[in-house]
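# Reading the structure
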Amino acid sequence: MTNNIPDISFITICYNGFKDTCELIESLQNKIHSVSYEIIVVDNASHENEAAKIHQLYPTVVAIRSNENSGFSGGNNIGIQVAKGKYIFLINNDTYIESDHIAYLVERLESRPEIGGVSPKIRFAFPPQHIQFAGFTPLSQITLRNHMLGFDCPDDGTFDTPHTTPYLHGAAMMFKREVIEKIGMMPEIFFLYYEELDWSTSMTRAGYELWYDPCCTIFHKESQSTGQLSKLRTYYLTRNRLFYARRNLKGFNRIASIIYQSTVAATKNSLAFILKGRFDLAAAIFYGVNSGLLRPSSDKKSVVSPDK
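Rules used in this analysis
- Residue positions are counted from 1 within each chain, in the order its sequence is given.
- For a predicted model such as this one, the threshold for reporting local features is a pLDDT of at least 70, and the threshold for listing and counting side-chain atom pairs is 80 or more; totals across whole chains, interfaces and linings nevertheless cover every residue.
- To get the side-chain values, take all heavy atoms of the structure and skip hydrogens and water.
- Strands are runs of DSSP state E lasting at least two residues, helices are runs of H or I lasting at least four, and both sets are numbered from the N terminus onward.
- Buried means the residue's accessible area, taken with a 1.4 Å probe over protein chains only, is under 20% of the maximum for its type, while exposed means over 50%, and partly exposed covers the values in between.
- UniProt positions are given in the numbering used here, feature names are shortened, and annotations may be inferred rather than shown by experiment.
- Among buried residues, the Ala, Val, Leu, Ile, Met, Phe, Trp, Tyr and Cys ones that are joined through side-chain atoms within 4.5 Å form a nonpolar core.
- An automatic or database domain assignment is the source of the domain bounds shown.
- Two residues qualify as a contact provided that any one of their heavy atoms is within 4.5 Å of a heavy atom in the partner residue.

## Focus on unusual backbone geometry
- Backbone torsion omega between Pro127 and Pro128 reads 5 degrees, so that peptide bond is classified as cis.
- Mapped onto the elements, Pro128 comes out in the loop between β6 (115–124) and β7 (131–133).
- Phi angles above zero are rare outside glycine, and Asn16 is one such case at about 55 degrees.
- Asn16 sits in the partly exposed class, given a relative accessible area of 33%.

Given below as C-alpha cells:
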C-alpha cells in the first residue's frame with residue numbers, strides 16, 4: 001500500500017465491537033494482496049475509545065473517533081469524507097474474508113461505465129455457513145417488502161451467476177467514487193435500516209446499474225448489535241419504511257404505501273406483539289409511525305430514538 005491513491009478504501013463502523021473489528025482488519029490485511037487499499041475505522045462513540053486502541057494495534061489503519069453515534073449512514077459518511085481510494089467499500093465490522101477475490105469486484109465495476117456499485121456473495125459466518133445474500137428482489141410498491149435471493153440456501157453453486165440487483169447490501173457494498181459525486185452522501189435521516197435501500201434507489205435513479213457478483217465472498221456474523229426483537233430495531237424499521245415511501249414513491253403508490261404502513265401493517269404487528277406480551281415493541285411501533293409521519297424526511301441529520 002505504497003501508492004498515495006489506493007485502489008480501495010475499506011470503511012467500517014465500530015460500535016462496542018472491538019473484537020469483531022480487529023478480526024475484520026486482520027482478515028483484510030492477511031488475505032488481500034491483489035489490490036492496494038486503505039482501511040478506515042470509524043468508532044461511532046463506543047463506550048471505550050476503540051479508535052485509540054485500534055490505532056495502537058494497527059498503525060496503518062485510519063482510526064477516527066466520533067463524539068456521537070451518528071448511525072450507520074452518519075458513521076460511513078465520516079469515513080467517506082477522508083477516503084482516498086478510487087473505489088469505496090463499505091463493510092460491516094462483523095464480517096471477514098477468507099480469500100483474496102476483491103479484484104473481481106473491481107473488474108465488475110470497470111466492465112461498463114453504467115455500473116456504479118457491486119455487492120459480493122454474503123454467507124453466514126456460523127455453520128453451516130449458508131448464503132445470506134445473493135441479490136435482492138425489488139421492494140413491493142405498497143408494502144415495501146422484499147427478500148434476499150439465496151437466503152439460508154447452501155452454497156452449492158446455484159447462486160454463482162453474476163446479475164443486476166435493485167439494491168446493494170449494506171454489510172458489503174463497493175462503488176465508484178463518482179457515484180458519491182453524482183448523488184451525494186448516504187442519507188443520514190435513516191440512522192439505522194433502509195438507508196442502503198434508499199441510497200441504492202438514488203443510484204439507479206441516476207442511471208447506474210447495481211450488481212451482485214459471487215466471485216467474491218464475505219462472511220457475516222449477522223446482527224450481534226441490535227437483536228432481532230429489540231425496541232431499537234422495531235422502531236427504526238417502522239419509521240424508516242415510512243421515510244422511504246415519502247422520499248421515493250410517487251402519486252397513488254406513495255399515498256397507498258403510507259396509509260398501509262401506518263394503519264394495516266402497524267396494527268397487525270402491534271397486535272402480534274401484544275399477544276406475546278411484548279408491549280414495549282408495540283409501543284416502539286407507535287413511536288415509529290408517529291416519527292415516520294410527522295418528522296421531516298429530508299437528508300439532514302436526524303437521530304431520534306424511541307422512548308426508553
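Moving on, there is more to tell.
## Side note on the UniProt feature "domain: Glycosyltransferase 2-like" (unreviewed entry) in the protein chain
- Under the present numbering, the feature "domain: Glycosyltransferase 2-like" (unreviewed entry) in UniProt falls on residues 9–183.
- Helix makes up 29% of residues 9–183 and strand 26%, whereas the separation of the span's terminal C-alpha atoms amounts to 19 Å.

## Let's talk about the nonpolar core
- Among the nonpolar cores identified, the biggest contains 64 residues, and Ile8, Phe10, Phe89, Met174 and Tyr194 are the most heavily contacted of them.
- Examining the composition of this core, we find that seven residues originate from one element, helix α7 (residues 231–248), more than from any other.
- Two domains each put at least three residues into this core: domain 1 (6–218) and domain 2 (229–292).
- Filtering out sequence-adjacent residues up to four positions away, Phe10 remains in contact with Leu28, Ile32, Tyr37, Glu38, Ile39, Ile40, Phe89, Ile91 and Ile102.

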